[in-house]
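So the chains spell out like this:
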Amino acid sequence: MADMRLVVAGAAGRMGRMLVQAIQANEELVLAGALERKGSPALGQDIGTLAGLGPLGISITDDPLSALAHADGVIDFTAPQATLELAAIAAQARIVHVIGTTGLSAEDLKAIDAAGRHAVIIRSGNMSLGVNLLAGLVRRTAKALGIEYDIEIVDMHHRMKVDAPSGTALMLGEAAAEGRGISLQDHSDRGRDGITGARKPGDIGFAALRGGTVIGDHTVTFAGPGERIELSHRAEDRSLFARGALRAALWGRGRQPSVYSMADVLGLDEA
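What you are looking at is a predicted structure, and each value in this text was computed from that prediction instead of being measured.

*Asks:* Talk me through the sheet that holds strand β3 (residues 60–61); I want residue IDs and the actual numbers.
*Replies:* On the basis of which strands lie adjacent, the open sheet formed by 7 strands has the order β3-β2-β1-β4-β5-β6-β12 and parallel pairing. The open sheet has two edge strands with one neighbour each: β3 and β12 (258–260). Pairing between strand β6 (residues 120–123) and β12: 3 bridges, direction parallel. Along β12, the bridge assignment pairs valine 120 with serine 258. Running at roughly 155° to strand β5 (residues 96–99), helix α8 (residues 239–252) makes contact with β1 (4–9), β2 (29–35), β4 (73–76), β5, β6 and β12 of the sheet.

Take a look at the structure:
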């Protein structure tokens, strides 16, 4: 099979540049294009030069239609509005769309599900192997423990992160809710300030810390009578997200259109 041709969305950003570097280092992949938002100061620049690789002859563009016209897939760590536009184009082109974008609303997810009728979409709040293993452990622990164990999820990220809770924290919350057989939307406590009253039994609590240059720390605490169980993951290198995204793209090539998760990519037990 020929090398897989990938377009990187948000290519001028930190994650985008790392994805470009990872694609260039992967013998099964070819960089087919680089996308940025309209008005970006990086438009027109050679993405190879911007990524510290030297010129690659690929200029950064704000035209996704032309960029995806001759691609097999797109890697997307951008923003909700851009992700929805790319999902629609990926559906038209019948290509692989790997989504690492966070902050997606329920309506956004419905639109992505609709696009998944024609495109192979792999979406995850976190592309790392470790975090997806953690989600499986959270699901199993929540299923094993009773409602007397309160579930609290804390995430810490760098000061520039714009959404809270993080996409990973919400993914872990969904895993806990699935383990309990409940809806996260109906049992989510995302803010406490002042006199809030006693904790509501069965709720899944979230707290977000922001500061410094922290890549991403996540801890899920099960606080029960006389004991606490803590499950944690700490990201030490952003390249792990790039590696996971490229693995997802390669896995998705040739699959039937649908919306998949990293658990599907990694063959993890969803039970």
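*Asks:* Requested: an account of the packing of helix α4 (residues 80–93) against helix α5 (residues 106–115), with residues and values cited.
*Replies:* Between α4 and α5, the least distance of the axes is 9 Å, while the angle of their chain directions is 15°. Looking at the two axes, α4 sits roughly parallel to α5. Regarding α4 and α5, the two cross each other, and that crossing is left-handed. Residues Pro80, Thr83, Leu84, Ala87 and Ala91 of α4 form the contact with α5, whose own contacting residues are Asp108, Ala111, Ile112 and Ala115. Residue composition of the contact of α4 with α5, by class: 7 nonpolar, 1 polar and 1 charged.

*Asks:* I'd like a rundown of unusual backbone geometry, residues and numbers included.
*Replies:* Between alanine 164 and the following residue, proline 165, the backbone shows a cis peptide bond with an omega angle of -10°. As for its placement among the helices and strands, proline 165 is situated in the loop between β7 (150–157) and α7 (167–180).

The rules we used
- Residues numbered from 1 in each chain as written.
- Predicted model: local features only at pLDDT ≥ 70, side-chain atom pairs only at ≥ 80, totals over all residues.
- Heavy atoms only, no water.
- Pairing = 2+ DSSP bridges.
- Helix = DSSP H or I, 4+ residues; strand = E, 2+ residues; numbered from the N terminus.
- Contact = heavy atoms within 4.5 Å.
- Axes fitted to C-alpha atoms, helices over the stretch in contact; angles between N-to-C directions.
- Parallel < 35°, antiparallel > 145°, perpendicular 65-115°, else oblique.
- Left-handed = near helix turned anticlockwise from the far one by under 90°.
- Nonpolar A, V, L, I, M, F, W, Y, C, P; charged D, E, K, R; others polar.

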